[in-house]
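Fold and contact review
Now for the letters of each chain:
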Amino acid sequence: MTSLPKFTRDQLEQMDKKTLIDLVLLLQDQLDELGQRVQKLEDQVAKHSRNSSRPPSSDGLSKPKTRSLRRSEGRKPGGQEGHQGHTLEMKEIPDHIAVHDLDQCPHCDHDLSAVAVSNHVRRQVYDVPPVQIEVTEHQAEIKSCPGCGRQVQAAFPAHVTQPVQYGPRLKAQASYLNSYHFIPIARTCELLGDFYGHAPAWAFVADANQAVATGCEPALAEIQRQLLQASVLHFDESGLRVAGQLHWLHSASTEWLTYLAVHQKRGQEAMRDIGILPAFTGWALHDHWASYLVFEQCDHAFCNAHHLRELQFITDQYEQPWASEMSGLLYDIKTEVAEVADDSQSLTTDRLTHYQTEYQAILQRGFKANPPPEQPPTKTKKRGRRKQSPPKNLLDRLDKHRSGVLAFMYDFDVPFDNNLAERDIRMIKVKQKVSGSFRTRQGAQTFCDIRSYISTVRKQGGNVIAAVLDALAGQPFISLPVAG
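What comes next is a walk through the structure. (Residues numbered from 1 in each chain as written. Predicted model: local features only at pLDDT ≥ 70, side-chain atom pairs only at ≥ 80, totals over all residues. Heavy atoms only, no water.)

Overview of the nonpolar core
As a reminder of what qualifies: In this text, buried Ala, Val, Leu, Ile, Met, Phe, Trp, Tyr and Cys residues form a nonpolar core when linked through side-chain atoms within 4.5 Å. Partly exposed residues are those whose accessible area sits between 20% and 50% of the maximum for their type, while under 20% is buried and over 50% is exposed, using a 1.4 Å probe and protein chains only. Helix numbers and strand numbers start at the N terminus; a helix is a DSSP run of H or I with at least 4 residues, a strand a run of E with at least 2. Working rule for contacts: check all heavy atoms of both residues, and any pair within 4.5 Å makes them a contact.
Residues Leu227, Phe235, Ile276, Leu277, Tyr453 and Ile454 are the most contacted members of the largest nonpolar core, which totals 34 residues. Put simply, the parts of the chain that give this core at least two residues each are helix 3 (168-180), helix 5 (202-215), helix 6 (217-229), strand 3 (232-242), strand 5 (258-263), helix 7 (268-274), helix 15 (441-459) and helix 16 (464-472). What Phe235 contacts, discounting residues up to four positions off in sequence, is Ser251, Ala252, Ile276, Leu277, Phe280, Ala284, Leu285, His286, Tyr292, Asn418 and Ala421. With 29 residues, the next largest nonpolar core counts Val337, Tyr359, Leu395 and Phe416 among its residues.

Regarding helix 5
Put simply, the rule is: Given the number of residues in a helix, its expected span is that number minus one, multiplied by 1.5 Å.
In this model helix 5 runs 21 Å from its N-terminal to its C-terminal C-alpha over 14 residues, within 8% of the 20 Å that 1.5 Å per residue would give. Those residues of helix 5 that sit buried are Phe204, Val205, Ala208, Asn209, Val212, Ala213 and Gly215. Against the buried residues of helix 5 lie helix 3, helix 4 (185-196), helix 6, helix 15 and helix 16.

Some thoughts on unusual backbone geometry
One non-glycine residue, Asp109, lies in the positive phi region at around 65°. Position of Asp109 relative to the elements: it lies in the loop between helix 2 (17-46) and strand 1 (142-144). Taking the relative accessible area as the measure of exposure, Asp109 reaches 52% and is therefore exposed. At Glu319, a position not held by glycine, the phi torsion is positive, near 55°. Locating Glu319 in the fold gives a position in the loop between helix 8 (304-318) and helix 9 (321-340).

Some points on the packing of aromatic side chains
Stated precisely, the cut-off is as follows: Pairing of aromatic rings covers Phe, Tyr and Trp, the last through its six-membered ring, and needs centres within 6.5 Å; plane angles under 30 degrees mean stacked, over 60 mean edge-to-face, and all others mean tilted. Charges are assigned to positions over rings by a cutoff of 6 Å between ring centre and Lys NZ or Arg CZ, combined with an angular limit of 35 degrees from the ring normal.
According to the stated counting rule, one finds nine aromatic pairs in the structure shown. Between Tyr166 and Phe204, the aromatic rings sit 4.6 Å apart at their centres with planes inclined by 50°, giving tilted as the arrangement. Residue Tyr166 is found in the loop between strand 2 (151-153) and helix 3, and its partner Phe204 is found in helix 5; the two are separated by 38 residues along the sequence. A relative accessible area of 25% means that Tyr166 is categorised as partly exposed. When the centroid spacing of 5.7 Å and the interplanar angle of 10° are considered together, the rings of Tyr176 and Tyr180 count as stacked. In this pair, Tyr176 and Tyr180 both sit in helix 3, four residues apart, roughly one turn of the helix. You can call Tyr180 buried: its relative accessible area is 17%. Through pairs of rings, three or more aromatic residues link up here, namely Phe182, Phe438 and Phe447. One residue, Arg266, lies across the ring of Trp289, its end atom 3.7 Å from the ring centre.

If you want it as structure tokens, here you go:
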């Protein structure tokens, strides 16, 4: 912004009318520019994790008052009807039985040692037995063959390759603790030492991770193949530090499958290299990151949780009624979809027309409150798109991509939000908070491979330790095809 020279009262009185008008217009331009800068700074200060896409860690020490964007669905706290409980139940045949004798009456001290037992009261305790490392020595027999005269030796099992080594169960547990529960390598070794009385070296954990990642390669290939067959895929990306530089974690997932990959880029170059989105032809659910929209062979749906946060920001910061009206409309559609989803795959034509009309009316009220910015007459026309206010930018997106915003209304297979992808990718932020960053690109990709494999096993109800052992044995868990 160009600063104006200061004029005295006498200088202003001596100016002609045209000069004064030009000066006033120039001052008006500066006031408009200053107003826009102040508004931008106020918008930045007003944004937090509950009205924008900022992470909760950016809220600082002055956390905003908790306010959920969810509507009450009238359900009571706790497990809902049909929820499978996890209450401990007595085993018919316990592993051990401890009988507690009754030799004396607690009331009169009478001797009961010779009295016959009439019944027992049973109580059972679930606990872990004391464990320690077991060392198994493998001895391969050596014999002299009378047929050829040569000395021959028996074969060792395939996994026994060194004179002294750790077994697959310990490797599976080390990789599981480090890759899935984010326990750092040093603490993983300490934990194993506390549990089993033998702490392995740090290199053991890294080697275990690499062995698991190598073993689950067939499973990862099958996950990618099945993702391409899905009707709806959730996509997301998040930054992470690798070897001191910013990289990006990309995710593609469904309710049953997870695939994570690391790339130096965030946009379409990374998406092409990973190879899932360019070959996908179903519904791609994501935020409004423009790189996704380059791939036109699939249909695009947009996360309404993002929209609700942005609409909340417009309501709080700009006090424009249309934003709260749009939030209410999205909630109403979501509620009606949930009510009829068991009986159909889409709303009736009348209800679709009703909601489309309401959507358009709210947009019109929004555009009326946020007209396009006018180019000041004193400024030369600049190239490119004119800067707009956050309400106008959001209105343009909701208008241009209305079919993707309301995709969940037209096709019940499309979820209302992209929370599934955010849950899948959120764990990388936890990993970074614990470990800081990855030292190598290979280490980052190894983590993503193991995380993809274990997350898929978890989603399909498999036993993780058993699945990791299978991967180490070269026979990884292979996901069964799931419709959708």
